[in-house]
Amino acid sequence: MDTEFLRKMAALVTPFTPCFGGGGFPRSKMAAVHLVSALRRRAICRWAAAGDRAQAQECGQNARHVRQTFLRYFRDKQRHREVRSAPVIPRGDPSLLLVNAGMNQFKPILLGTVDPRSPMAQYQRVVNSQKCVRAGGKHNDLEDVGRDLYHHTFFEMLGNWSFGDYFKEEACRMAWELLTEVYGIPQDRLYVTFFGGDPALGLTADEETKEIWLSIGVHPHRLLPFGLAHNFWEMGEMGPCGPCTEIHYDHGVGEGAAAQVNTGNPQLVEIWNLVFMQYSREADGSLQSLPQHSVDTGMGLERLVAVLQGKESNYDTDLFTPILDAIHRGDAYPELKQDPCQIMDTINENEAAFLSSLHRGRRIIDRTLQKMDNSQSFPVDVAWSLHRNLGFPLDLISLMLEEKAVNVDTEALRQLAKEEAERLRPPPQSELQQGRVLGIQDINELQRTGVLRTDDSAKHIYTLEDGKYVFSPCQATVVALYEGNSLVKEVRRSQTCGVILDRTNFYSEQGGQTHDLGYFIREGHQDVLLPVVNVQAAGGFVIHTISVPESLHVGDRLNLFVNEGHRLACMVKHTATHLLNYALRCVLGDETEQRGSHITADRLRFDYSIKTPVTGQQLETVEQIVRDVICRDESVYTAEVPLNQVNCIKGLRSIDEVYPDPVRVVSVGLPVNQLLHSNNKQHTSVELCCGTHLLRTGMIQDLVIVSERQLGKGISRILAVTGEDAKEARHVGRVLAEEVDSLTVRLNNGMKSLVDSQRLSKEIGQLTDVVDGAVILHRDRRQLQERLRALHRTVNTAIRKLESREAAEKIQHFLANRLDQALIVDVFPVQSISILMKMVNKVSEKMPHSSVMLLSQLDSGKILCACQVPKDSVSSLSASDWALAVCGQMGGNAGGSKVVAKGMGSSSNLEEIVKLAIEYARNKM
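Per-chain numbering applies: the sequence of each chain, read as written, is numbered from 1 onward. A pLDDT threshold of at least 70 governs which residues receive local features in this predicted model, and a stricter bar of 80 or more applies before side-chain atom pairs are shown or counted, although totals over entire chains, interfaces and linings include all residues. Each side-chain value is derived from all of the structure's non-hydrogen atoms; neither hydrogens nor water enter the calculation.

J.: In this structure, what is going on with the packing of helix H10 (residues 340–371) against helix H11 (residues 380–390)? I would like to understand it.
T.: The relative placement of two packed helices is expressed as an angle between their axes plus a distance between the axes. Lines fitted to the C-alpha atoms define the axes, with helices restricted to the stretch that makes contact. Angles between their N-to-C directions range from 0 to 180 degrees. Numbered from the N terminus, helices here are DSSP runs of H or I no shorter than four residues, and strands are runs of E no shorter than two. One way to put it is that H10 packs onto H11 with a least axis distance of 11 Å and a crossing angle of 165°. Considering the angle they form, H10 stands roughly antiparallel to H11. The way H10 lies across H11 gives a crossing that is right-handed. Residue-level inspection shows Ser357, Arg360, Gly361, Ile364, Ile365 and Thr368 of H10 in contact with H11, the latter providing Val382, Leu386 and Leu390. For the contact of H10 with H11, the class distribution of residues is five nonpolar, three polar and one charged. Convention used here: angles under 35 degrees read as roughly parallel, angles over 145 as roughly antiparallel, angles from 65 to 115 as roughly perpendicular, and any remaining angle as oblique. By definition, any crossing whose near helix is turned counterclockwise from its far helix by less than a right angle is left-handed, and any crossing with a clockwise turn is right-handed. Pairs of residues are marked as contacts when any of their non-hydrogen atoms sit within 4.5 Å. Lys, Arg, Asp and Glu make up the charged group, whereas Ala, Val, Leu, Ile, Met, Phe, Trp, Tyr, Cys and Pro make up the nonpolar group; the residues left over, Gly among them, are polar.

Here you go:
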């Protein structure tokens with residue numbers, strides 16, 4: 001099903017996860033689906049009615065107490081900063097569909113790309129409980145959910161982190177103290193694993209961690225070494241990684257348990273993983289030591305609660321039983337209070353859509369199985385069709401067939417999926433187009449060598465004078481040069497390199513806005529331009545990708561020139577995006593939220609949440625609101641505001657993102673200072689934004705929505721253009737409307753011949769393609785498409801009538817002097833396979849006991865073939881086999897049923913093809 005369903009369900013309805021597999025798909029009987037559906041509705045209604053009533057007095061080791069004890073231990077005793085759970089839909093991280101680990105929100109710290117002005121840059125010791133989803137990607141628990149008692153697609157991960165503060169010994173001692181002394185878990189129930197080394201990678205065993213555990217008091221027989229698969233953790237193919245140590249709990253194995261750790265025994269469960277990030281995996285696969293060591297730990301709350309409550313199954317804990325009570329028990333789930341009606345609507349709509357697809361898929365599977373013999377495996381093409389056309393995950397298909405004791409070639413399915421992904425992958429960009437990106441090793445090296453972070457404040461310095469924007473000049477010094485992956489002091493001519501300056505007025509790609517273009521001029525070399533083709537930022541450094549026609553050195557002084565036309569176009573689109581967001585909220589309500597945007601010099605793209613599809617009238621209203629603000633030529637205000645004060649702005653669109661402190665606020669029509677000191681919600685566009693904007697809205701001139709479509713359930717995407725492009729879109733729409741009017745007049749005047757009708761049909765098809773791809777108003781496109789579809793239906797009806805008349809006339813002459821024969825093979829000069837097929841049908845009507853094949857050679861040299869055989873003859877002569885034999889001889893192909901078939905091929909000897917057709921049929925009859 002669509003990914004938005006996965007996202008919402010994962011974030012909002014965790015108590016039902018045990019009954020479902022990943023993504024909301026049932027693991028067993030359909031009855032479970034209906035039962036849980038009813039329970040969910042009743043539970044949410046009950047929770048909504050309960051409101052904020054006091055919870056039952058906590059007692060013993062209930063889940064809430066366990067969670068709070070963990071947070072309190074690290075916050076109060078170990079001086080960790082408590083950080084709230086990040087949303088399960090990650091923002092600003094295209095590598096993740098859903099948050100799958102507690103460390104996801106801290107990736108900028110681990111990768112060294114965190115904005116130094118952000119509060120996150122100050123994190124050293126952190127603790128939290130993170131909501132996680134593992135239903136795909138590298139960390140995928142989908143296969144295990146429903147097969148054991150401790151895996152979930154959605155769960156809470158308790159974690160503590162150290163970023164350059166404490167390391168192995170402190171982490172191990174804290175974990176052991178919390179488990180054995182605070183929670184009171186018996187030491188003889190715990191087993192500890194550590195990294196045993198990997199000779200192939202040149203990694204020795206983590207003896208340091210082993211000695212730490214021994215010094216803490218872990219018995220040597222309970223301390224076990226394992227290799228890469230279990231005790232070496234990596235963020236991805238590249239990036240921070242390191243050895244880890246895991247703590248396992250014995251639910252009751254007893255003697256001999258040590259030999260069964262990490263063997264899949266459900267009574268020996270890993271509860272806590274402590275990762276020591278001390279390496280970075282490079283692109284060539286090598287490991288480099290990190291200058292700053294970090295600790296990342298993760299412990300499943302559900303597993304810990306099961307241990308403390310003496311349960312072997314997570315589902316027997318108070319996190320899951322009883323369902324009706326558990327759903328409204330939960331400080332940890334404030335999202336449920338926002339809109340319970342939306343939760344119910346989303347569940348019901350997606351459940352209905354899923355059940356419909358599920359029933360269709362089951363029918364397809366059942367029909368396919370009826371046609372198979374017992375020795376066959378399930379056809380891969382049918383399984384792939386279920387995946388591609390009905391949205392069935394490949395795992396679900398395998399599971400459904402497994403229940404019926406039928407095999408399918410899963411490797412072939414994965415290969416098809418891989419080929420599909422390759423086909424859909426965008427063409428690779430050149431290194432010049434991609435631009436140089438700074439990684440963690442680059443940032444660490446820059447910091448180690450004393451390179452200061454880039455001052456890019458000049459990107460926001462420009463004025464409006466006499467209706468024209470004036471961008472302040474900027475001079476800078478080269479402080480670092482990259483040639484390939486290496487820091488160098490000099491780059492020679494005809495090279496592409498990365499340049500870091502002490503200051504810049506170039507905008508780096510961020511906040512949905514594309515980077516600036518422009519050029520540098522080296523002082524003393526006024527006639528030589530250094531084109532800037534890409535600008536990226538990471539960790540406070542801005543790196544410019546440039547082409548060097550002659551040498552460039554560290555210490556060179558440069559004059560910086562931004563491409564003003566490109567920058568201004570981006571400013572127009574960015575301010576228009578803010579107005580579009582404001583207008584959508586005015587029309588659709590405050591619950592509408594931005595889900596993403598992309599701003600280039602050509603057009604803007606805006607993704608937003610919706611409850612129901614947006615109507616054409618609503619989009620017209622949105623456009624009009626934006627145009628009204630443009631016509632008023634309102635001022636655009638910006639101000640740097642302390643992060644802790646922005647919540648004072650009434651009506652500010654809030655996003656769960658990490659912003660620098662202070663943060664930049666952009667407001668249209670009202671000064672930011674006025675918004676800060678007003679107690680009333682102001683009806684204006686006001687957002688947190690790092691982008692570059694116009695100083696007045698009038699320069700946008702116009703805005704036209706050229707496309708609006710749903711990306712998935714609850715998410716829609718708008719494409720829009722502004723200024724002269726909007727004016728051109730209106731003009732093109734009028735021109736296309738005139739062309740449709742012309743086609744309509746021609747059709748209304750009547751078609752005199754089949755050739756005229758076919759020509760008109762072709763022109764309608766061509767114009768439809770033009771309308772589909774044209775940059776015109778969304779409502780114009782929709783109206784023109786409707787008119788063209790109606791024209792196409794009318795002209796196709798006329799063509800079919802004319803073809804039938806022509807076929808009847810030709811066949812009447814053909815049958816006039818022909819006796820009733822068992823086999824008829826002949827040639828007719830027609831230009832359409834549909835006419836040839838109609839002629840075959842007419843002959844068969846007149847001669848029902850005859851097997852008929854008609855051939856026609858086109859001007860291009862291709863040969864059309866159509867045939868039909870009596871139903872009582874198909875056991876000996878099959879029409880599809882007959883057509884395939886003839887067309888195959890011509891290097892072509894054919895298809896159809898045992899009664900009727902058609903095809904096409906190429907041959908210069910039509911007479912030989914006729915003989916082949918006769919000979920094949922006679923041999924079969």
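J.: Just to check I follow, could you spell out a nonpolar patch on the surface for this structure?
T.: The patches described consist of residues with a relative accessible area above 30% and no salt bridge, like charges being joined within 9 Å and nonpolar side chains (Val, Leu, Ile, Met, Phe, Trp, Tyr) within 5 Å. Accessibility throughout is a Shrake-Rupley quantity obtained with a 1.4 Å probe, and a residue counts as covered only by protein chains that appear here. Think of a salt bridge as a Lys or Arg side-chain nitrogen and an Asp or Glu carboxyl oxygen that are within 4 Å of each other. Together, Tyr519, Leu529 and Phe561 give the surface a local cluster of nonpolar side chains, amounting to about 250 Å² of exposed area. Relative to the helices and strands, Phe561 is located in strand S20 (residues 557–562).

J.: Could you clarify how one ought to interpret the pairing of strand S4 (residues 190–195) in this entry?
T.: Regular strands place their side chains on alternate faces of the sheet. Counting buried positions along S4 gives six out of six residues, so the element sits mostly inside the fold. Residues Leu190, Val192 and Phe194 point to one face of S4 and Tyr191, Thr193 and Phe195 to the other, with burial holding for every one of them. Pairing of S4 with strand S7 (residues 239–250), which is carried by four bridges, proceeds in the antiparallel orientation. Across the sheet, Val192 pairs through a bridge with Ile247, a residue of S7. Criterion used throughout: strands pair if DSSP finds at least two bridges between them. Here S4 pairs with strand S5 (residues 223–226) via four bridges, running parallel. Paired with Val192 across the strands is Leu223, a residue of S5. Crossovers are marked right-handed if the path from the first strand over the helix to the second runs clockwise, as seen with the strands pointing away from the viewer. For the segment spanning S4, helix H6 (residues 207–216) and S5, crossover handedness is right-handed. Think of it in three bands: residues with accessible area under 20% of the maximum for their type are buried, residues over 50% are exposed, and the middle band is partly exposed, with areas taken using a 1.4 Å probe on protein chains only.

J.: I keep staring at a negative patch on the surface and nothing clicks. Help me out?
T.: Taken together, the side chains of Asp602, Glu724, Asp725 and Glu728 define an acidic patch exposed on the protein surface. If you trace the backbone, Asp725 turns up in helix H19 (residues 723–748). In this tally Asp and Glu are treated as negative and Lys and Arg as positive; neither His nor the chain ends contributes. Working definition for charges: the position is that of NZ of Lys, CZ of Arg, CG of Asp or CD of Glu.

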